[in-house]
Amino acid sequence: MKNLQIGIWSLLKAAIDILLTNPIILYPIFLLGFIQLLLLEIIYFSVRNPMSEFFGPVIVRSAGPAFLHYPYNYLILLKWFHGLEIFIAILISCIFYGAVVLIISLINSGKPVSLKKVFQQVFSSYIHLVTAMILAAMFFKGLTFLHGLIFKKALFIRSSVGIYFLIKNTVIISAPYLQWLLACFVTALLAFVVPIIMLEQKKIITAVKLNFTDYGRFFGLILGVIIVSGFLYLPIIYLQSIQTNEMILNDPEMSGLFLALSILMMLFITAIQYTAITLCYLLTKEEPL
Amino acid sequence: MKISLVLLPALLFFIFVFFSAIDRSEYVLEKKMWKIQQQFTVEAQYGILSKEKSEYLTTMYRNLIQQYPKSGLLPQIYIRIGQIYAVNKDFEKARTSYSEALQRFPQQKDLCSEALLDIGLTYEKENKVAMALETYRQVVKNYPLTDVGLNMPLYIANYCHRLNKDVEAQNAFQEAEGFYRNTAQENPNSSKGFNALRFLSVTYLDQEKWDDAVKIFEKILLEYIPSPYLDSKTTGSMVYLINVVSIEKLKKPGQPIAFYQMLIEKHPGYPLNKFFKDVIVTLQGLKNRKGIIPRYN
């Protein structure tokens, strides 16, 4: 790792190489995938006996009785899972991201990886990891709020031809991609917070401060890494943006499968991103640039 | 770790199989019905449903009846078989299927009213007017409080009107008025009462009894604010109709203003009061100049 050249492609290549040669790094991501798919399965069975005894009244009250039946339950599946995503990201994902960082650090220092010890250490920093995730979510919400204002302005454009129409169309069509870009921006902005919390045992405020003061100069590099690896998710964003309720009802099983695939794809990308971020962090520690 | 790589996906698979196996709901049947109905809907929509395909689809439905003889969804299956026959203009077979639903599941009033309506529609398509009207009246008599039953008196009146049977239409409209008024009185503060009043207002609108229609819309707002039946969209469409009828037909633009002011006074904390105030301002502006009445729904 000491010979690693810092650059977007070399960092990405090194991250993928390390993931391939040390598949144990993927284990926390595998566990996170299991939890997400388990939640998806629970939501899927929420309309069926015996789970409908508990979830049925909630679904009827929140959406209507039709959503207890096939194929409308798939609309609930998508809606509820996307609603849960933020809670998963804040409360659950941080544990596994922290574990990924720790495992890479142990491998880098040549120490044996004990998953039990890794998770013990992660849980001792859990509160700071959760706070870091809340901070990232708040940043993202703030930026999407601003984007929402522009989006609403564009919707009020009445022109059906000319430059204003072009602006309106561009803003509307690009909305999901811009949201993706904002997510990349926020991830890059706070990229080193998790490694600092886990590897330097710092508290959240110090970690955020160090993230900007000591690692701010890598913002461009990390943003590049996150955007390039995130390109893999663009086909999913495109398919999600054109997916209508009618399409879901026409082929509900496919929409469920697509959701499961999008979860797995996102996890794969996250694994690459966190490995690259941790590598960059470790490299700066070993060999200051 | 290696064990869990196998165990966890296996656990997901086991949970899927386990919950699918213990499920005693109608989910699987619903799914099969949906798949058959999809084939029917697409072909019927484009008018390309062949006799062979109809037979195939009805056979599929009949297989489901055999597979799930105790299902609560059987009446729906009979209705759907009837619909396939009706699209192919095989009205006798369609009526037989609808009647089967009626005879076998008399306790399921909503579905029975739907089956009886479908029987009436087959008569209508065959231009058997007397039979169609008789069937529609049976719906009103036997299932007055179902969704189909509530809609029926107005449907009968409009059906007679479409056939240029002016006297019958006039009588049917009067019957509809009486039916809706009684239903609203007998079912206050309920979805039935609310829907009866809505149908009553439409009955008046169809007869161009503008003043009566506005009074009923106002009555709905007065009696059903606040209630779960009157959401913001429904309120918006009613406000729009009150405004249009008052200004365009009755030439009384001041009438809705006074009504909304009274409504705000009666329900000071109502969340849509700001909306009513905005409507008042717009209407006051319209009183002095010609303008377009804004839509609120």
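Residues numbered from 1 in each chain as written. Chains lettered and ligands numbered in written order. Predicted model: local features only at pLDDT ≥ 70, side-chain atom pairs only at ≥ 80, totals over all residues.

For the rest of this paragraph, the subject is the overall build of chain A. When you go through chain A residue by residue, the secondary structure sums to 13 helices and 0 strands. Counted from the first residue to the last, chain A has its helices and strands arranged as α-α-α-α-α-α-α-α-α-α-α-α-α. In terms of overall dimensions, chain A is globule-like: its C-alpha atoms have a radius of gyration of 21 Å, near the 19 Å expected for 289 residues. Along the first, second and third principal axes, the C-alpha atoms of chain A reach 60 × 55 × 35 Å. (Helix = DSSP H or I, 4+ residues; strand = E, 2+ residues; numbered from the N terminus. Rg over C-alpha atoms; globule rule 2.2 N^0.38 Å.)

So, about the overall build of chain B. Each helix and strand counted, chain B has 14 helices and 0 strands in total. Scaling as 2.2 N^0.38, a compact globule of 297 residues should have a C-alpha radius of gyration of about 19 Å, whereas chain B reaches 25 Å, well beyond that. Along the longest, intermediate and shortest principal axes, the C-alpha atoms of chain B span 75 × 70 × 40 Å. Out of the 297 residues belonging to chain B, those deemed buried represent 33%. Residue pairs in contact within chain B that sit at least 24 positions apart in sequence constitute 49% of those at least 6 positions apart. (Buried ≥ 20, exposed ≤ 12 C-beta atoms within 10 Å, placed from the backbone. Contact = placed C-beta atoms within 7 Å.)

Turning our attention to the domain arrangement of chain B. Segmenting chain B into domains produces domain 1 (37–66 + 73–132), domain 2 (144–207) and domain 3 (220–297). For domain 2 of chain B versus domain 3 of chain B, the separation of C-alpha centres amounts to 24 Å. (Domains from an automatic or database assignment.)

Bringing the interface of chain A and chain B into the picture now. Quite often, the size of an interface is put as the accessible area lost when its parts meet. The interface of chain A with chain B comprises 16 residues on the first partner and 15 residues on the second. Broken down by element, the residue count for the side of chain A that touches chain B peaks at 7 residues, all from helix H2 (residues 26–45) of chain A. Its residues assigned to classes, the side of chain A that touches chain B comprises 11 nonpolar, 3 polar and 2 charged. (Nonpolar A, V, L, I, M, F, W, Y, C, P; charged D, E, K, R; others polar.)

Now for the packing of helix H2 (residues 27–45) of chain B against helix H3 (residues 51–67) of chain B. Helix packing for two helices is described by the angle between their axes and how far apart those axes are. Residue and element names in this part refer to chain B. Where H2 contacts H3, the axes come no closer than 11 Å and their chain directions differ by 170°. On the basis of the axis angle, H2 is roughly antiparallel to H3. In this structure, H2 crosses over H3, and the sense of that crossing is left-handed. For the pair H2 and H3, the contacting residues are Leu29, Lys32, Met33, Ile36, Gln39, Phe40 and Glu43 in the first and Lys53, Leu57, Met60, Tyr61 and Leu64 in the second. Here the residues of the contact of H2 with H3 are counted per class, giving 8 nonpolar, 1 polar and 3 charged. (Axes fitted to C-alpha atoms, helices over the stretch in contact; angles between N-to-C directions. Parallel < 35°, antiparallel > 145°, perpendicular 65-115°, else oblique. Left-handed = near helix turned anticlockwise from the far one by under 90°.)

This next bit is on helix H10 (residues 191–206) of chain B. Residues and elements named next belong to chain B. Between the first and last C-alpha of H10 there are 22 Å, a value that for 16 residues agrees with the 22 Å anticipated at 1.5 Å per step. Buried residues of H10: Gly193, Phe194, Ala196, Leu197, Arg198, Phe199, Leu200, Ser201, Thr203 and Tyr204, and no others. Taken together, the buried residues of H10 touch helix H8 (147–162), helix H9 (166–186) and helix H11 (210–224). Just downstream of H10 lies glutamate 208, where phi reads positive at about 60°. (Expected span 1.5 Å × (residues − 1).)

Let's shift gears to the packing of helix H4 (residues 73–108) of chain A against helix H8 (residues 193–200) of chain A. Residues and elements named next belong to chain A. Between H4 and H8, the least distance of the axes is 9 Å, while the angle of their chain directions is 60°. The orientation of H4 with respect to H8, classified from their angle, is oblique. When the axes of H4 and H8 are compared, the crossing they make is right-handed. Contacts from Tyr97, Gly98, Val101, Leu102 and Ser105 of H4 reach H8 at Val194, Pro195, Met198 and Leu199.

Moving on, we come to the confidence of the model for chain B. Mean pLDDT over chain B works out to 91, with 97% of the residues at or above the 70 mark. Note on the complex model: pTM 0.79, ipTM 0.85. (pLDDT = per-residue confidence, 0-100.)

Attention now moves to unusual backbone geometry. In this structure, Pro50(A) follows Asn49(A) across a cis peptide bond, with omega equal to -5°. With an omega of -10°, the peptide bond running from Ile225(B) to Pro226(B) counts as cis. In the Ramachandran plot, Asn127(B) falls in the positive-phi region, its phi being about 60° despite a non-glycine side chain. As for its placement among the helices and strands, Asn127(B) is situated in the loop between helix H6 (109–125) and helix H7 (129–142).

The subject of this paragraph is helix H5 (residues 91–104) of chain B. When the terminal C-alpha atoms of H5(B) are compared, their 20 Å separation across 14 residues agrees well with the 20 Å that a helix rising 1.5 Å per residue should span. Looking at the buried residues of H5(B), the elements they touch are helix H4 (74–87) and H6 of chain B.

What follows is about the environment of Phe96(A). In this structure, Phe96(A) sits in helix H4. The sequence separation of Phe96(A) and Ile150(A) amounts to 54 residues, and the corresponding C-alpha distance is 35 Å.

In this section: the environment of Tyr123(B). All names here are of chain B. In this structure, tyrosine 123 sits in helix H6. Tyrosine 123 sits 28 residues away from arginine 95 along the chain, and the two C-alpha atoms are 9.2 Å apart. The residues contacting tyrosine 123, other than those within four sequence positions of it, are Lys128, Met131, Ala132 and Thr135.

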